[in-house]
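One letter stands for each residue in the lines below.
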Amino acid sequence: MARMIASYSTATPAGPRTVRKAVVPAAGLGTRFLPATKATPKEMLPVVDKPAVQYVVEEAAAAGLDDILMVTGRHKRAIEDHFDHAFELEQALASKGDTVRLDAVRDPARLAAIHHIRQGDPLGLGHAVLCARHHVGNQPFAVLLGDDLIDPRETLLSRMLEVRERYAGSVVALTEVAPEQVHLYGCAAVEPVGEEGVVRVTGLVEKPAREAAPSRYAVIGRYVLDPAVFDVLERTPPGRGGEIQLTDALQDLATDGTVHGVVFDGLRYDTGDKADYLRTVVRLACARPDLGPGFADWLREFVRELEDGARGTRKGRRAA
Ligand code: UTP
């Protein structure tokens, strides 16, 4: 188990932590990745040799969250199976004495207490979070989007949990994006709190036009939420795209000054986007001690070939 988790840095909190539960919404339709996601959840697409959502669960576990609720939908059985035991496979590997693969098969079920709930219809991220209300209860909790991967070398979630301990309320993760990209994200109006890398969020707009964006701070898929969000979500009407938007509920909370943002400038990948998915696989493959050196050599050769091709001086070299 340590082999798999060790890639995520653990940051043990100084005192007892109030946040123990994480919610992983993974019930979206994944239309941007069709046709691969016709019968396979996008969260199950492999990133090197693990499904994307396993990195997300490993990140939560590494931050000390030991109770994880996956919000899934129809066609998402594979996610439930992945975090369950696979007796036949385990027996076959055990009888061969293949302990390395046996550990790899067992690891997902050992990361935390993992629960599942069905969203029914994918009525939006806000609705997916609301589905977790009964399980979460009246405690603050983390939300990690199942297709949003933070590089295992980063410690964003631990920083957010620590900010929640000091400021209470809710905490969102913000990253600065180019002006032409703000329309793809929830965008935050912010003011300083006198602390490096932490801001107060004074307003939020879902996918604004470039001219209407209050800043270049985009909300990315990590949240630590106060349970007050549930009451707000209950009365949040469908917004953009006819979906119940988490951003709209957070906008409501932000007017009370209870939402803070942790600014993140590290590595993050949207594995629900085809191009970003490819970048994720390449980056994480290069970082792997077992695969990285050989793969990076091949990649260098391949890039040289591309450059030669672009210059029209290709000498028939093939990066096989
Ligand atoms: P996305 O907007 O990226 O998911 O939602 P999507 O709708 O599946 O993607 P496309 O645009 O059709 O490709 C962000 C996260 O919220 C979850 C998704 O599974 C994803 O992890 N989500 C979204 C839900 O769980 N339920 C929903 O109703 C919507």
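Since the structure is predicted, the reported quantities are computational estimates derived from the model, not experimental observations.

### Remarks on the site of the ligand
- Taken together, 19 residues lie near the ligand, and G30, T31, R32, Q119 and G124 sit nearest.
- At 3.0 Å, a side-chain N or O of K42 approaches an oxygen atom of the ligand.
- Taking G124, its main chain carries an N or O atom lying 2.8 Å from an oxygen atom of the ligand.
- Expressed as a share of its isolated accessible area of 570 Å², the protein-covered part of the ligand is 84%.
- Here the shell around the ligand is built from residues that sort into nine nonpolar, six polar and four charged.

### Section: the UniProt feature "domain: Nucleotidyl transferase" (unreviewed entry) in the chain
- UniProt annotation of "domain: Nucleotidyl transferase" (unreviewed entry) refers to residues 21-280 when read in the numbering used here.
- Taken as a whole, residues 21-280 contains 32% helix and 27% strand, while its terminal C-alpha atoms sit 27 Å from one another.

### Some remarks on the environment of L204
- Along the chain, the position of L204 falls in strand β10 (residues 198-206).
- Taking relative accessible area as the criterion, L204 reaches 7% and is therefore assigned buried.
- Taking the C-alpha atoms as reference points, L204 and L34, separated by 170 residues in sequence, lie 30 Å from one another.
- When residues no more than four places from it in sequence are discounted, the contact partners of L204 are C187, A188, V219, T247, L250 and Q251.

### Notes on the pattern of salt bridges
- All told, the structure shown has 27 salt bridges when counted by the stated rule.
- K50 is paired through a salt bridge with E58; the nearest N and O atoms lie 3.0 Å apart.
- Members of the salt-bridge network, linked through shared partners, are R32, K42, D147 and D270.

### Points about the pairing of strand β11 (residues 217-225)
- In terms of burial, β11 is a largely internal element, nine of the nine residues being buried.
- Pairing of strand β6 (residues 141-144) with β11 involves four bridges; the strand directions are antiparallel. Bridge assignment links F141 to a residue of β11, and that residue is L225.
- Sheet topology note: the strand β8 (residues 170-176)/β11 ladder contains six bridges and is antiparallel. Bridge pairing links A173 to I220 in β11.

### Some thoughts on the environment of E88
- In this structure, E88 sits in helix α4 (residues 87-96).
- C-alpha separation for the pair E88 and T37, spaced 51 residues apart in sequence, amounts to 27 Å.

### Notes on the nonpolar core
- Counting residues in each nonpolar core, the largest one holds 39 residues, and the members touching the most others are L65, I68, M70, F83, L144, L156 and L157.
- Counting only elements with at least two residues in this core, the list comes to β1 (21-25), α2 (52-62), β4 (67-72), β6, α8 (156-167), β8 and β11.
- With near-sequence residues (within four places) excluded, L157 lies in contact with E59, A60, A63, L65, A142, L144 and V224.

### A short note on the packing of aromatic side chains
- Summed over all chains, the structure comprises four aromatic pairs.
- A ring pair is formed by F295 and W298, whose centres lie 5.7 Å apart and whose planes are at 20°; its orientation type is stacked. Here the residue F295 and the residue W298 both occupy positions in helix α12 (residues 292-311), the gap between them amounting to three residues, near one helical turn.
- For W298, a relative accessible area of 31% translates into the label partly exposed.
- Measuring from centroid to centroid gives 5.0 Å for W298 and F302, while their planes differ by 10°, and the two rings are stacked. Here W298 pairs with F302, and both are found in helix α12, just four residues apart, close to one helical turn.
- Taken together, the ring pairs in this structure connect F295, W298 and F302 into an aromatic cluster.

Calculation criteria
- Residues numbered from 1 in each chain as written.
- Predicted model: local features only at pLDDT ≥ 70, side-chain atom pairs only at ≥ 80, totals over all residues.
- Heavy atoms only, no water.
- Near = heavy atom within 4 Å.
- Polar contact = N/O pair within 3.5 Å; in protein donor to acceptor, adjacent residues only side chain to side chain.
- Areas by Shrake-Rupley, 256 points an atom, 1.4 Å probe, with all protein chains shown as cover.
- Nonpolar A, V, L, I, M, F, W, Y, C, P; charged D, E, K, R; others polar.
- UniProt positions renumbered as here; feature names shortened; annotations may be inferred.
- Helix = DSSP H or I, 4+ residues; strand = E, 2+ residues; numbered from the N terminus.
- Buried < 20%, exposed > 50% of the residue type's maximum accessible area, 1.4 Å probe, protein only.
- Contact = heavy atoms within 4.5 Å.
- Salt bridge = Lys/Arg side-chain N within 4 Å of Asp/Glu carboxyl O.
- Pairing = 2+ DSSP bridges.
- Core = buried A, V, L, I, M, F, W, Y, C linked by side-chain atoms within 4.5 Å.
- Phe/Tyr/Trp six-rings, centres within 6.5 Å; stacked < 30°, edge-to-face > 60°.

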